[in-house]
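# Structural description and commentary
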Amino acid sequence: MPGSFSIGRIGGIRIEINASWLIILVLLTISLATSWFPTTIPGLRTTAYIGLGFVASILLFVSVLLHELAHSLVARAKGLPVNSITLFIFGGVSNLEQEPRTAGAEFQLSIVGPLVSIIIGIVSLLIAAVLPGIRALDALLSYLGVTNILLGIFNLIPGFPLDGGRVLRSIIWGATGNLRAATQASTIIGQIVAYLFILAGILEVFGGNIFGGIWIGFIGWFLLNAARTANMQSMLEGMFRGVTVGQAMQPAYATVEANRTLEQLVDGVLLPTGARTVPVTQMGRFAGIISLAEIRHYPRDQWNQVTVGQAMVPADQLRAVAPGQSLNDALPLMVGHERDILPVVDLDGQLLGILSRDGIVHLIEIRRGLNIPHPARAGGDQQLPHAS
Ligand SMILES: [Zn+2]
């Protein structure tokens, strides 16, 4: 996610915080310090309320992090590599590299998050009930308890991209064996849920709760986008089922030698060909990739001194794909990068070609133009961002 910074690792999983999260941290602290704490424990100083509001906000985000860790750890136990967890304005996201291969795995990794939230909520409420009345602690734990339980229940609403939507999808998938139909059903319900949120937000605004209404509407808008994207990805995935990287790749028309300067690259390759990302070769072998982002690291007056080899992303830091790999497995590797191509490399590290977004769009057009049906294959793989 752009605008995110890493705060460390837990069990090898990178934990990131998005800048938007800081906004919500401030808003939540202010809201708790001016409403929840003054009404439940009156008579304290303003600074005490702000302190309590801040602690409660941090603990809530720790709870969200535990929710995401639960998803991520179950995913890893199912053999799915987990890149990172990002906390952002609407909660958390576990960034999985692949999607579950079976309905059972998807069911377990989706339901565990809400379960953890509900358990944290119940435990907080129990501790609040058992501990003799320290009022501040009581107010803090009650807030955490109720909020986590609501969060767990909210996430169980059966519309994609909420966890409940994935649970529903896994149940339909398991019952029918048809992943696409299951995705379609859960994303349609997800869109209905999203529209209900937007409608509720509008009604709240007209009812006078302007901030709350805008917030609810915003969540609805976020859910709507995620559900639509998921639906589209599911359609693309159906279209590419059975297609390999080798069938979709193109020859690398433009390449550059590592010992060329950035100036030679820009004037001799990028401008004449219109390519934005170019594979780099060193003595005929694939050495890395260079794109506009890497070139922009250097001020213009250094372009005639810096070589492509110095500026490129070297091959060992890149995800290369093999020609026999399925296109559906390769596509998620292209998402979220400014680099719009993936190198296709054989076992000896020789560059065979490139997989580019433009090339894939081309492929879609040709298949559609010639009316080539996609080969059906029961229960394939799919790539959907997991949000919670
Ligand atoms: Zn979740």
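Residues numbered from 1 in each chain as written. Predicted model: local features only at pLDDT ≥ 70, side-chain atom pairs only at ≥ 80, totals over all residues. Heavy atoms only, no water.

The strand order across the open sheet built from 4 strands is 5-6-7-8, with neighbouring strands paired in mixed fashion. On the outer flanks of this sheet lie strand 5 (256–257) and strand 8 (313–314), each paired with one strand and no other. Pairing of strand 5 with strand 6 (residues 277–282), which is carried by 2 bridges, proceeds in the parallel orientation. Along strand 6, the bridge assignment pairs Val256 with Val280. Against the sheet, helix 9 (residues 262–273) touches strand 5, strand 6 and strand 7 (285–291), its axis set at about 120 degrees to strand 6. (Pairing = 2+ DSSP bridges. Helix = DSSP H or I, 4+ residues; strand = E, 2+ residues; numbered from the N terminus. Contact = heavy atoms within 4.5 Å. Axes fitted to C-alpha atoms, helices over the stretch in contact; angles between N-to-C directions.)

A few words on the nonpolar core. If you look at the biggest cluster of nonpolar residues, it comprises 20 residues, and the most contacted ones within it are Trp21 and Phe37. Where this core is concerned, the elements lending two or more residues are helix 1 (19–40), helix 2 (46–77) and helix 4 (135–155). Considering each element in turn, this core owes the most residues, 7 residues, to helix 1. Not counting the four nearest positions on each side in its chain, Phe37 is found in contact with Leu32, Pro42, Tyr49, Leu52, Gly53, Ala56, Ala139 and Leu140. Ala254, Ala258, Val269 and Ala287 belong to the second-largest nonpolar core, a separate cluster that totals 18 residues. (Core = buried A, V, L, I, M, F, W, Y, C linked by side-chain atoms within 4.5 Å. Buried < 20%, exposed > 50% of the residue type's maximum accessible area, 1.4 Å probe, protein only.)

Within the protein, the zinc ion binds to His67 (NE2), His71 (NE2), Asp163 (OD) and Asp163 (OD); these donor distances fall in the range 2.0 to 2.7 Å. Classification of the site at the zinc ion as irregular follows from its 4 donor atoms and the range of 53 to 149 degrees in their angles at the metal. By relative accessible area, which is 2% here, His67 ends up buried. Classification of His71 by relative accessible area gives buried; the value is 0%. (Donors = N, O, S within 2.8 Å, 3.2 Å for Na, K, Ca; no water. Tetrahedral: all angles 85-135°; square planar, octahedral: opposite > 155°, others 65-115°.)

In this section: the pattern of salt bridges. On inspection of all chains with the given rule, the structure shows 3 salt bridges. Linking Glu16 and Arg14 is a salt bridge whose minimum nitrogen-to-oxygen distance equals 3.1 Å. We note a salt bridge from Arg169 to Glu106, for which the minimum N-O separation is 2.9 Å. In this pair, Arg169 sits in helix 5 (residues 163–176) while Glu106 sits in helix 3 (residues 103–130), placing the two residues 63 residues apart along the sequence. Both residues of the pair, Arg169 and Glu106, count as buried. A network of salt bridges, in which partner residues are shared, links Glu106, Arg166 and Arg169. (Salt bridge = Lys/Arg side-chain N within 4 Å of Asp/Glu carboxyl O.)

Quick look at the pairing of strand 7 now. Among the 7 residues of strand 7, 6 are classified as buried, and the element is accordingly described as predominantly covered. Pairing geometry for strand 6 and strand 7, over 6 bridges, is antiparallel. Pairing of Thr281 across the sheet is with Phe286, part of strand 7. Count of turn residues in the strand 6/strand 7 antiparallel hairpin: 2 residues, of which Met283 carries a positive phi of about 50 degrees.

Turning our attention to unusual backbone geometry. Look at the link from Phe160 to Pro161: it is a cis peptide, with omega at 10 degrees. Looking at the secondary structure, you find Pro161 in the loop between helix 4 and helix 5.

Let's shift gears to the packing of helix 7 (residues 210–240) against helix 13 (residues 357–369). Where helix 7 contacts helix 13, the two axes come as close as 11 Å, and the packing angle between them is 70 degrees. Considering their axes alone, helix 7 and helix 13 lie roughly perpendicular with respect to each other. Crossing angle aside, the handedness with which helix 7 passes helix 13 is left-handed. Where helix 7 approaches helix 13, its residues Leu236, Met239 and Phe240 are matched on the opposing element by Ile360, Leu363, Ile364, Arg367 and Arg368. Residues that form the contact of helix 7 with helix 13 fall into these classes: 6 nonpolar, no polar and 2 charged. (Parallel < 35°, antiparallel > 145°, perpendicular 65-115°, else oblique. Left-handed = near helix turned anticlockwise from the far one by under 90°. Nonpolar A, V, L, I, M, F, W, Y, C, P; charged D, E, K, R; others polar.)

The subject of this paragraph is helix 9. For helix 9, which comprises 12 residues, the first-to-last C-alpha distance of 15 Å matches the rise-based estimate of 16 Å (1.5 Å per residue) to within 8%. Within the span of helix 9, buried status applies to Leu262, Leu265, Val266, Val269 and Leu270. Angularly, the buried residues of helix 9 cover 130 degrees about the axis, an arc narrow enough to put them on a single face. Of the exposed residues in helix 9, those oriented more than 90 degrees away from the buried face are Asp267, Leu271 and Pro272. Its buried side turned inward, helix 9 meets strand 5, strand 6, strand 7, helix 10 (292–296) and helix 11 (308–311). Positive phi appears at Gly274, one or two residues downstream of helix 9, with a value of about 80 degrees. (Expected span 1.5 Å × (residues − 1). Arc of directions from axis to C-beta.)

What follows is about the confidence of the model for the protein. Model confidence for the protein is summarised by a mean pLDDT of 84, while 94% of its residues fall at 70 or above. Highest mean pLDDT in the protein belongs to helix 3 (94); lowest belongs to strand 11 (residues 386–387) (46). Below pLDDT 50 for its whole length, residues 375–388 participates in 52 contacts with residues either more than four positions away or in separate chains. (pLDDT = per-residue confidence, 0-100.)

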